[in-house]
Amino acid sequence: MAHLPGVKDALVGEYRGDGGALQRYVYVERERGADGGQVRTAILADPMFAGEATQVFVVDSLSEIEAEAG
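Residues numbered from 1 in each chain as written. Predicted model: local features only at pLDDT ≥ 70, side-chain atom pairs only at ≥ 80, totals over all residues. Heavy atoms only, no water.

Description of the sheet that holds strand S3 (residues 53-59)
The cut-off we apply is this: Following DSSP output, two strands are said to pair if at least two bridges run between them. Think of it this way: any DSSP run of H or I at least four residues long counts as a helix, any run of E at least two long counts as a strand, and we number them from the N terminus. Helix axes use the C-alpha atoms of the stretch in contact, all axes being lines fitted to C-alpha atoms, and the angles between their N-to-C directions lie in the range 0 to 180 degrees. Throughout, a residue-residue contact means that at least one pair of heavy atoms, one from each residue, lies within 4.5 Å.
Sheet architecture is open: three strands sit in the order S1-S2-S3, paired in mixed fashion. Every interior strand has two partners, whereas the edge strands, strand S1 (7-16) and S3, have only one. With strand direction ignored, the average angle separating the axes of adjacent strands in the sheet is 20°. Here helix H1 (residues 36-45) sits on the sheet and contacts S1, strand S2 (22-30) and S3; the angle it forms with S3, its principal contact strand, is near 150°. Its contacts with the sheet put helix H2 (residues 62-69) on S1, S2 and S3, and the angle it makes with S1 is roughly 35°.

What follows is the structure, encoded as structure tokens:
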């Protein structure tokens, strides 16, 4: 996902809901000065996420998110 403008790094999780529908969660660390709204819009417009329920969370640090999950 680093190919998208403003994205420094990203972590994507996929989960199946109760009805079997795929739900994606994208945690994105943006590049310095990048607008979080523009980054979110670019991710949701990416063909990789077309037709899938996707939630995008702009975070300050992915390493902090990974540490909390570990």
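Past the structure itself, the notes keep going.
Considerations on the side chain of Gln-23
What counts here: Between buried and exposed lies partly exposed: a residue is buried under 20% and exposed over 50% of the maximum accessible area for its type, with that area taken using a 1.4 Å probe on protein chains only. Side-chain atoms alone can form a polar contact between residues adjacent in sequence; in general such a contact is a pair of N or O atoms within 3.5 Å, and within protein one must be able to donate a hydrogen while the other accepts it.
In this fold, Gln-23 is placed in strand S2. Judged by its relative accessible area of 18%, Gln-23 falls in the buried class. A distance of 3.3 Å separates a polar side-chain atom of Gln-23 from the backbone oxygen of Ala-53.

Concerning H1
We apply this condition: Starting at the helix axis, one direction is taken to each C-beta atom, and the arc is that of these directions.
Of all the positions in H1, only Gly-36, Val-39 and Ile-43 are classed as buried. The buried side chains of H1 occupy one side of the element, clustering within an arc of 60° when seen end-on. Pointing more than 90 degrees away from the buried face of H1 are the exposed residues Gln-38, Thr-41 and Ala-45. Where H1 is buried, its residues touch S1, S2 and S3. A distance of 3.0 Å separates the backbone nitrogen of Gly-37 from a side-chain oxygen at the start of H1, and that oxygen is part of Asp-35.

By themselves, these observations are geometric and do not establish any function.
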